[in-house]
Amino acid sequence: MSESSDDTEGTGILIALGMTVGLSLVWAHVIKDQAELMTWGALVMAAVTGLVAGDYSNHSQAVAVTCALATPIGTYLGTLLGLCLIAVAQYGGDFGDAWQIFTSNTSEAARLFEMEAQDRDWLFLFLSAPVGYGAAMLED
């Protein structure tokens with residue numbers, strides 16, 4: 001029995017969203033460990049997510065668009081969470097404390113990102129969209 005294109009497309013979208021969430025959490029911890037604002041991981045996240053989700057969905061355009069939209073947003077939110085992790089680490093806080101700050105003061109973390117971000121940080125976030133799209137559409 002073979003899967004229909006809707007099944008593989010749905011699977012690909014779920015993989016893209018799941019990988020974006022997972023990799024965003026990993027990225028937050030990378031930022032915490034490095035103790036600095038970084039967004040180059042957006043390109044890595046986009047490429048990995050696009051390749052895996054695209055392969056499972058037979059390179060569906062809907063999956064490619066999902067990767068193009070989800071990856072920059074996921075990286076941005078992961079970066080904000082990473083900044084919160086840096087902030088609470090100074091006081092012996094853990095992930096729960098950072099999550100509390102992230103969910104209650106996301107706008108403050110976003111302002112901090114805006115103040116600290118350099119042009120390349122914005123460039124990496126914006127370039128991750130076509131990278132994710134292209135990686136998902138890339139055929140073997």
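Throughout what follows, the structure given in this document is the object of discussion.

**Details of the environment of Leu 85**
Phase 1: Looking at where Leu 85 falls in the secondary structure, it is placed in helix H3 (residues 61–89).
Phase 2: Separated by 13 residues in the primary sequence, Leu 85 and Ala 98 have C-alpha atoms spaced 5.1 Å apart.
Phase 3: When near neighbours in sequence (up to four residues on either side) are disregarded, Leu 85 contacts Ala 28, His 29, Lys 32, Asp 94, Phe 95 and Ala 98.

**A word on the packing of aromatic side chains**
Phase 1: Counting across every chain of the model gives six aromatic pairs.
Phase 2: Each ring, one from Trp 99 and one from Phe 102, has its centre 5.4 Å from the other, and the planes form 40 degrees; the classification is tilted. You can see Trp 99 and its partner Phe 102 sitting in helix H4 (residues 95–104), three residues apart, about one turn around the helix.
Phase 3: With centroids separated by 5.0 Å and ring planes inclined at 85 degrees, the aromatic side chains of Phe 113 and Trp 122 adopt a geometry described as edge-to-face.
Phase 4: One aromatic cluster in this structure is built from Tyr 76, Phe 113, Trp 122 and Phe 126.

Cut-offs applied
Residues numbered from 1 in each chain as written. Predicted model: local features only at pLDDT ≥ 70, side-chain atom pairs only at ≥ 80, totals over all residues. Heavy atoms only, no water. Helix = DSSP H or I, 4+ residues; strand = E, 2+ residues; numbered from the N terminus. Contact = heavy atoms within 4.5 Å. Phe/Tyr/Trp six-rings, centres within 6.5 Å; stacked < 30°, edge-to-face > 60°.

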